[in-house]
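These are the residues of each chain, in order.
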Protein chains: 2
Amino acid sequence: MPTQHFDLQSLNEMTSRYRAQLINSLSGFKSANLIGTCNAQGQTNLAIFSSIFHLGASPALVGFIMRPDSVSRHTLENIKLTGQYTINQVSEDFWRKAHQTSARYDGDESEFEHVGLTPEFIDDVTAPFVKESRIKYALTVKEITPIKLNNTLLVIGEITHIICESSAIKSDGYIDIESANTVAISGLDSYHSTTRLSRISYAKPHKEALDIPLHGPIE
Amino acid sequence: MPTQHFDLQSLNEMTSRYRAQLINSLSGFKSANLIGTCNAQGQTNLAIFSSIFHLGASPALVGFIMRPDSVSRHTLENIKLTGQYTINQVSEDFWRKAHQTSARYDGDESEFEHVGLTPEFIDDVTAPFVKESRIKYALTVKEITPIKLNNTLLVIGEITHIICESSAIKSDGYIDIESANTVAISGLDSYHSTTRLSRISYAKPHKEALDIPLHGPIE
C-alpha cells in the first residue's frame, strides 16, 4: 500500500493547523472524559479532555495534560482552589453535548447549563459529577508538574470515590466500558463507538494467550 | 439504573488484582501501540504499551508511562542507550501478536521473532519499525521524568519521522486511524475496533457544532 514519509523538515514546513491534526492523530485512540469542578462561590465548570490517562492502581492515580492558558484554564484554577475534581466518562448518549463544553464560555457561565448536562453532588465532594455519565469518579489533586518542553502541565489526582453502573462491573473487577457506551476520540475532533474484539489472558512466553469470556467466572 | 459506589475505604480493602482491573478501566479507552527499540549490539526489542498519549503538536511530543522494574524494562534501557525508539499503531490484523509481546522473554530474545512480526528499518533511525503497522513514527527521547507518587517514569520523545498509509491522511492533516483498523484497549486486556460517530467542528458558544465530512474539502 502506498505510504507517505514525513521527515523533520517536512514536519517543520507544515501549517500549524495541518500539523496539529496530523500529530494529534498519531498517538492512537484517546479517552473521552468530562472534568467537573467548582470555584469558591460554588459556580460549576465542565470541560472535555482527551488527554486523561491511567497512571497506577495502587495508589489509584489518574493523570491529564493541560495548557495553563487554554480555554479550560478555569478547570485548573478550580482544582488548585478546591483540591477536588470529578472525571466522567463520555458516552454515545451525550457526546455532542460533551464536545460543546470546549466552547469559550465566560468564567461566570456554567457549561452544564449551556450544553444541557446535569450537575450531581455526593457527600464529601464539592466538585460536581455529570448525572448523565454512567462511569465517574472523584479525585483529590496530588501533584501538578510543569512539562517545560512545551509549557504544559501534568495534573495527577488520587481517586477517592467511584460511581459506576453495577451491571458494567465484571466478577474480576474489569469494567465493561463498552456496555456503558463510552466513546473514544481520535485526532482533535473525531468520536467513535467500539466493538470488542476480545479480552485476552496475560501473555506468557511460548504459550498462546486465551480469550477471556465477558460473562461468567474468570479462572 | 443501579449503581455501585466505592469509597476510599472499599478501594483499600480490594484485592490487588480486582483493584488493578477496576482502576485500569476508569480512564476510558486507551491507545494500543508497540514500541520498537534496539540495544548496542543491534538486538531488537518490541513491547506493547497502552499508556502512550499526545503531549503537543509543536514541537511534536508524545509521552508514555512505564515502571522501571516491569517486563518492558529493556525498552527503557534501549531508549537510554540509543536515544531512539519507534511507536507503531496496533491494528486488527495483528493485535493478538502485539499482546503476546508482553510475555516475559529473556533479554537476548527478540519479541519480533517470537510473536511473528517483522522489523523494518529506515535511514537515520537505528530503532526497528513494525512492518505490519500502517501508521508509525520514530522519536528521539527528550526527557525522562520520575513520578515519585508511584515510582513510575514519564518518557517524552520528539517525533522525527512519520510513515503513514497515504490513503488514511485527509486533506486537513487528520489521519483516519479507523480506516487503518487501529484498535483501542480498555482495562488491562480488552481490545476493541471502532465505528466513527462523526468528526465535528470546533465548538463555539451559542452555536451548534457541525459534522465534518470525512472525504472532500474541509471548510
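All values reported here derive from a predicted model rather than from experimental measurement.

### Some points on the overall build of chain A
Per the secondary structure count, chain A includes 5 helices and 14 strands. Residue burial in chain A is summarised as follows: out of 219 residues, 61% are buried. Taking the intrachain contacts of chain A between residues at least 6 apart in sequence as the baseline, contacts between residues at least 24 apart amount to 58%. If the 19 positive side-chain charges of chain A are averaged to one point and the 25 negative ones to another, these points end up 4 Å apart.

### Re the packing of aromatic side chains
For the coordinates displayed, the defined rule picks out 7 aromatic pairs over all chains. Taking the centre distance of 4.8 Å and the plane angle of 35° together, the rings of W95 of chain A and Y191 of chain A count as tilted. With a gap of 96 residues between them, W95 of chain A in helix α4 (residues 95-100) and Y191 of chain A in strand β13 (residues 190-200) connect regions that are remote in the sequence. Given the relative accessible area of 6%, W95 of chain A is considered buried. Here F49 of chain B and F64 of chain B contribute two aromatic rings whose centre-to-centre distance is 5.0 Å and whose plane-to-plane angle is 65°, an arrangement assigned as edge-to-face. Residue F49 of chain B is found in strand β4 (residues 44-49), and its partner F64 of chain B is found in strand β6 (residues 61-66); the two are separated by 15 residues along the sequence. Grouping residues by exposure puts F49 of chain B and F64 of chain B together as buried. Pairwise contacts between aromatic rings join F49, F64 and Y85 of chain A into one cluster. Sitting over the ring of Y174 of chain A, R199 of chain A keeps its end group 4.2 Å from the ring centre.

### What about the pairing of β4 of chain B?
Residue and element names in this part refer to chain B. Within β4, 6 of the 6 residues are buried, leaving the element largely enclosed by the surrounding structure. On β4, burial covers both faces: T44, L46 and I48 on one face and N45, A47 and F49 on the other are all buried. A loop of 5 residues connects strand β3 (residues 33-38) with β4, the two strands running antiparallel in sequence, and G42 in this loop sits at a positive phi of about 85°.

### Here's the deal with the nonpolar core
Note on soluble globular proteins: their nonpolar side chains tend to be buried together. Within the largest apolar cluster, 70 residues are counted, with the highest numbers of intra-cluster contacts made by I159 and I162 of chain A together with I159 and I162 of chain B. Setting aside residues no more than four positions away along its own chain, I162 of chain B makes contact with Q4, H5, F6, L11, L22, I23 and L26 of chain A together with K136 and Y137 of chain B.

### As for helix α3 (residues 73-82) of chain A
Residues and elements named next belong to chain A. Within α3, the full set of buried residues consists of H74, T75, L76, N78 and I79. The secondary structure elements touched by the buried residues of α3 are β3 (33-38), β4 (44-49), β6 (61-66), β7 (84-89), β10 (135-147) and β11 (152-165). A positive phi of about 80° marks G83, the residue just after α3.

### Considerations on the relation of the copies chain A and chain B
For the pair chain A and chain B, the relating rotation is 180°, the translation along its axis is 0.0 Å, and the fit reaches an RMSD of 0.0 Å. Taken together, the rotation and translation describe the operation of a two-fold axis. Identified as the residue of chain A closest to the rotation axis by C-alpha distance is T194 of chain A, at 2.1 Å. When the interface residues of chain A are mapped onto chain B, 100% of them again fall at the interface, so both copies present the same face.

### Side note on the interface of chain A and chain B
Across the boundary between the two partners, chain A contributes 105 residues, which contact 105 residues of chain B. Contact between chain A and chain B buries roughly 9,200 Å² in total, counting both sides, with carbon and sulfur atoms accounting for 61%. At the surface where chain A touches chain B, the tally comes to 4 salt bridges. Across the pair D211 of chain A and R96 of chain B runs a salt bridge, and its minimum N-O distance is 2.8 Å. At the boundary of chain A with chain B, the tally comes to 62 residue pairs in polar contact (both at pLDDT 80 or more). Considering every element that reaches the side of chain A that touches chain B, the biggest residue donor is β13 of chain A, with 11 residues. Residue composition of the side of chain A that touches chain B, grouped by class: 47 nonpolar, 36 polar and 22 charged. Pairing of strand β1 (residues 3-7) of chain A with strand β11 (residues 152-165) of chain B involves 5 bridges; the strand directions are antiparallel.

### Overview of unusual backbone geometry
Here the bond from S58 of chain A into P59 of chain A is cis, since omega is 0°, no more than 30 degrees from zero. Along the chain, P59 of chain A falls in the loop between β5 (53-56) and β6. Unusually for a residue other than glycine, D124 of chain A sits at a positive phi of about 75°. In this fold, D124 of chain A is placed in the loop between β8 (119-122) and β9 (125-130). Even without glycine at this site, N151 of chain B takes up a positive phi of about 55°. Among the secondary structure elements, N151 of chain B is positioned in the loop between β10 (135-147) and β11.

### Overview of the pairing of β6 of chain A
The side chains of a regular strand alternate, residue by residue, between the two faces of the sheet. Residue and element names in this part refer to chain A. Of all 6 residues that make up β6, 6 are buried, and the element is covered over most of its length. Side chains of β6 alternate between two faces, with L61, G63 and I65 and V62, F64 and M66 buried alike. Relative to β6, β5 runs antiparallel, the two sharing 3 bridges. Along β6, the bridge assignment pairs G56 with L61. The hairpin formed by β5 and β6 contains 4 residues between the paired strands. As judged from the 6 bridges shared by β6 and β11, these two strands associate in the antiparallel manner. Looking at the pairing, G63 lines up with I156 of β11.

### Description of the environment of R19 of chain A
The residue R19 of chain A is located in helix α2 (residues 16-26) in this model. Look past the residues within four positions of R19 of chain A in its chain and what remains in contact with it is L11, N12 and M14 of chain A together with A57, S58, P59 and A60 of chain B. From its side chain, R19 of chain A meets the backbone oxygen of L11 of chain A in a polar contact 2.5 Å long.

### Comments concerning the environment of G173 of chain A
Within the element layout of this structure, G173 of chain A appears in the loop between β11 and β12 (184-186). Leaving out residues up to four positions away in the same chain, G173 of chain A has contacts with Y18, Q21 and L22 of chain B.

What counts as what
- Residues numbered from 1 in each chain as written.
- Chains lettered and ligands numbered in written order.
- Predicted model: local features only at pLDDT ≥ 70, side-chain atom pairs only at ≥ 80, totals over all residues.
- Heavy atoms only, no water.
- Helix = DSSP H or I, 4+ residues; strand = E, 2+ residues; numbered from the N terminus.
- Buried < 20%, exposed > 50% of the residue type's maximum accessible area, 1.4 Å probe, protein only.
- Contact = heavy atoms within 4.5 Å.
- Lys, Arg positive; Asp, Glu negative; His and termini not counted.
- Charge placed at Lys NZ, Arg CZ, Asp CG, Glu CD.
- Phe/Tyr/Trp six-rings, centres within 6.5 Å; stacked < 30°, edge-to-face > 60°.
- Lys NZ or Arg CZ within 6 Å of the ring centre and 35° of its normal.
- Pairing = 2+ DSSP bridges.
- Core = buried A, V, L, I, M, F, W, Y, C linked by side-chain atoms within 4.5 Å.
- Least-squares fit on C-alpha atoms with pLDDT ≥ 70 in both.
- Buried area = accessible area lost by both parts, 1.4 Å probe.
- Salt bridge = Lys/Arg side-chain N within 4 Å of Asp/Glu carboxyl O.
- Polar contact = N/O pair within 3.5 Å; in protein donor to acceptor, adjacent residues only side chain to side chain.
- Nonpolar A, V, L, I, M, F, W, Y, C, P; charged D, E, K, R; others polar.

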